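So you can see what is in the structure, the chains are spelled out below.
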Amino acid sequence: MINSYQKNKIILGLDPGIADTGFGVISVAGSKISSLDYGSIKTSPKDDFLDRLLKLDQELKKIIDKYQPDLVCIEKLFFNNNAKTALIVGQARGVLMLRIKKSGAKLLELTPLQIKQGISCFGRADKNQVKKMIKLILNLKEVPKSDDAADALAAAICASNLKI
């Protein structure tokens, strides 16, 4: 007899940033993919940098505790001409990766190019193309307004297509 109960796989996608970290949580059951939640973790530039990193950690912990993801896909930092910005985003990314490690979830890192190719079959797709594909794949009523949340959902969708 085949067991008809199959646990949905929960995947969290993250688009790291210091001011705005996008997140997207999806559920995968066989070939059906659905959105559970998406949005962004925002920090204020008026706050102390360490307080901003702490807020990222605390807010990501809440998301992980709520959804208990099996897999977390985080966007790799792409080369940035502004070394200061790259360093700051890298520090935020490190905080997020440490929280993922502490949660026990599997971690997958994908480049922006890999994510765009996985969503639109074109690595140079623009934001609107990516958002339209996310809306179609997840059967959303409208495209996500936040670019960061859309990128995070795209990362989660791409991760769902990999055999991990």
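Structure shown above.
Residues numbered from 1 in each chain as written. Predicted model: local features only at pLDDT ≥ 70, side-chain atom pairs only at ≥ 80, totals over all residues. Heavy atoms only, no water.

A. Focus on the sheet that holds strand β3 (residues 32–42). If you trace the five strands from one edge of the open sheet to the other, you get β3-β2-β1-β4-β5, paired in mixed fashion. Each of the sheet's edge strands pairs with one partner strand only, and the pair in question is β3 and β5 (106–110). Direction aside, neighbouring strands of the sheet carry axes that sit 20 degrees apart on average. In this sheet, β3 lies alongside strand β2 (residues 20–29) in antiparallel orientation, the contact comprising 10 bridges. Counterpart to valine 28 in the pairing with β3 is isoleucine 33. Set on the sheet, helix α1 (residues 49–67) makes contact with β1 (9–15), β2 and β3; between it and β3 the angle comes to about 160 degrees. (Pairing = 2+ DSSP bridges. Helix = DSSP H or I, 4+ residues; strand = E, 2+ residues; numbered from the N terminus. Axes fitted to C-alpha atoms, helices over the stretch in contact; angles between N-to-C directions. Contact = heavy atoms within 4.5 Å.)

B. Representation of the environment of alanine 105 within the structure. Inspection of the secondary structure puts alanine 105 in the loop between α2 (83–103) and β5. Apart from the residues lying within four places of it in its own chain, the contact partners of alanine 105 are Pro69, Asp70, Val72 and Ile100.

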